[in-house]
Amino acid sequence: MPPVFRFAPSPNGYLHLGHALSALLNAEGAKAAAGRLLLRIEDIDEARCRPEYKAAIYEDLTWLGIAWARPVRRQSEHYGDYRAALARLDVMGLTYRSYETRSEIGRAAAGYDPDGAPLYPGRLNTIIGADERRRRSDAGEPYALRLDMAAAVARTGALTWEETGAGPSGDTGSIAAEPTAWGDVILARKETPTSYHLAVVVDDAAQGVTDVVRGRDLFPATSVHRLLQVLLGLPAPRYHHHRLILDAEGVKLSKSTSATGLRELRARGATAADIRKAVGLD
Ligand code: GLU
């Protein structure tokens, strides 16, 4: 079977130079391996995703000279797949309901996760207490579904993944996964029946992805992805985490920096070849 690569942007802003690097590396990887390039629209954050950003993704990629295989997978059309995966984890006794608010968790945080978000203190936490939890449950208040990390890790044992790029400290080759650094991660949000981690793992398997090429900022998330793959009996892709494009202050680009937006650069007369040069290709 030929290798399958994917570029998986979220339509919550316009693409910038960092996306261009990722998309171009995926396109080149697929071409060099005589494989296919898929496009996945990661639009589960429905409050922040907008149709005009999605349309702009197609337009900007085409302008860059990138072609992708159809159909495009849009995550918002596959909630049933994520629910089925959640049901499997639930049967294994690995999920539980979490009713706390963001600020309650912030106040009780047991440190920070690799993304810098407050670490949830675990299933047996006393943030709101048993009575209040029951009250919120009886009142039908929304809850997030979390993974019981200790139970999950006890079930899978130690895990590794194959890295052909590098992590933040240059780690490459066989990487030991460290999912516990994330604590009891959210698998389904209060407002969405999935989370980034769950959706990406389910989709990579559903689309037969063999090679995940993405920015180094997602290197730590791969530990959670490997864990979920093993729990759900899904195959492991190869991973290649690439360098990030930083702004003049050395900070990773964000969607709000118009100076590095592909549309702005195009409007100012840049060509696709200029973009390749700007991201250090050629
Ligand atoms: N949707 C994610 C982003 O735009 C990328 C997910 C992935 O490549 O695994 O940052």
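Further up the page is the structure itself.
So, how was this worked out
- Residues numbered from 1 in each chain as written.
- Predicted model: local features only at pLDDT ≥ 70, side-chain atom pairs only at ≥ 80, totals over all residues.
- Heavy atoms only, no water.
- Phe/Tyr/Trp six-rings, centres within 6.5 Å; stacked < 30°, edge-to-face > 60°.
- Helix = DSSP H or I, 4+ residues; strand = E, 2+ residues; numbered from the N terminus.
- Buried < 20%, exposed > 50% of the residue type's maximum accessible area, 1.4 Å probe, protein only.
- Lys NZ or Arg CZ within 6 Å of the ring centre and 35° of its normal.
- Axes fitted to C-alpha atoms, helices over the stretch in contact; angles between N-to-C directions.
- Left-handed = near helix turned anticlockwise from the far one by under 90°.
- Contact = heavy atoms within 4.5 Å.
- Nonpolar A, V, L, I, M, F, W, Y, C, P; charged D, E, K, R; others polar.
- Near = heavy atom within 4 Å.
- Polar contact = N/O pair within 3.5 Å; in protein donor to acceptor, adjacent residues only side chain to side chain.
- Areas by Shrake-Rupley, 256 points an atom, 1.4 Å probe, with all protein chains shown as cover.
- Pairing = 2+ DSSP bridges.
- Lys, Arg positive; Asp, Glu negative; His and termini not counted.
- Salt bridge = Lys/Arg side-chain N within 4 Å of Asp/Glu carboxyl O.

Visitor: Even after reading the chapter, I still don't get the packing of aromatic side chains, so can you show me in this structure?
Guide: The geometry of an aromatic ring pair comes down to the distance between the two centres and the angle between the two planes. Under the definition given, this model contains seven aromatic pairs. Judged by centre distance (5.1 Å) and plane angle (65°), the rings of Trp161 and Phe219 are edge-to-face. Of this pair, Trp161 sits in strand β6 (residues 160–163) while Phe219 sits in the loop between β9 (211–215) and α8 (221–232); the two residues are 58 residues apart in sequence, bridging distant segments of the chain. Like Trp161, the residue Phe219 is buried in the burial classification. Relative to Tyr239, the ring of Trp161 lies with its centre 6.4 Å away and its plane at 70°, an arrangement referred to as edge-to-face. Pair noted here: Trp161 is in strand β6 and Tyr239 is in strand β10 (residues 238–242), with a separation of 78 residues, a long-range link. Both residues of the pair, Trp161 and Tyr239, count as buried. Grouping aromatic residues by their ring pairs yields a cluster made of Trp161, Phe219 and Tyr239. In this arrangement the basic side chain of Arg146 is found over the ring face of Tyr120, its NZ or CZ atom lying 3.6 Å from the centre. Taking NZ or CZ as reference, Arg266 lies 5.2 Å from the ring centre of Trp63, over its face.

Visitor: Help me understand the packing of helix α6 (residues 149–156) against α8, please; the structure alone is not making it clear to me.
Guide: Describing two packed helices takes the angle between their axes plus the distance from one axis to the other. Where α6 meets α8, the closest approach of the two axes is 10 Å, and the angle between their N-to-C directions is 65°. Note on packing geometry: the crossing formed by α6 with α8 is left-handed. Contact residues: α6 offers Met149, Ala152, Val153, Arg155 and Thr156, while α8 offers Leu227, Val230 and Leu231. Class assignment for the residues of the contact of α6 with α8 results in six nonpolar, one polar and one charged.

Visitor: Looking at this structure, how should I read the site of the ligand?
Guide: The environment of the ligand is formed by Arg6, Ala8, Pro9, Ser10, Glu42, Tyr196, Val200, Arg214 and Leu218. In the environment of the ligand, a nitrogen atom lies 2.6 Å from a nitrogen or oxygen atom belonging to the side chain of Glu42. A total of 300 Å² of accessible area belongs to the ligand in isolation, and the protein chains cover 79% of it. When the residues that make up the shell around the ligand are grouped by side-chain class, the tally is five nonpolar, one polar and three charged.

Visitor: I would appreciate a short explanation of the sheet that holds strand β5 (residues 144–147) in the present structure.
Guide: Strand pairing in a sheet relies on backbone hydrogen bonds, with the paired strands running either antiparallel or parallel. Reading across the sheet, the three strands line up as β4-β5-β8 and stay open at both edges, with antiparallel pairing between neighbours. Two strands lie at the open edges of the sheet, namely β4 (95–98) and β8 (186–188), each paired on one side alone. Averaged over all adjacent pairs, the angle separating strand axes in this sheet is 45°, with direction ignored. As judged from the four bridges shared by β4 and β5, these two strands associate in the antiparallel manner. Along β5, the bridge assignment pairs Arg97 with Leu145.

Visitor: What is the right way to look at the side chain of Arg214 in this model?
Guide: Looking at where Arg214 falls in the secondary structure, it is placed in strand β9. Salt bridges are absent for the buried Arg214, whose nearest opposite-charge side chain, Asp204, sits at 5.3 Å. Look past the residues within four positions of Arg214 in its chain and what remains in contact with it is Arg6, Ser22, Tyr196, Thr222, His225, Tyr239, His240, His241 and His242.

Visitor: Honestly, unusual backbone geometry in this entry has me stumped. Any pointers?
Guide: In most cases, non-glycine residues show a negative phi, while peptide bonds are predominantly trans. Each neighbour pair has its own omega, and for Arg70 with Pro71 the value is -5°, a cis peptide bond. The phi torsion at Ala34 lies on the positive side, around 55°, for a residue other than glycine. Within the secondary structure, Ala34 is located in the loop between α1 (17–32) and β2 (36–41). By relative accessible area, Ala34 is classed as exposed at 62%. You will see that Asp282, though not glycine, has its phi angle at about 75°, which is positive.

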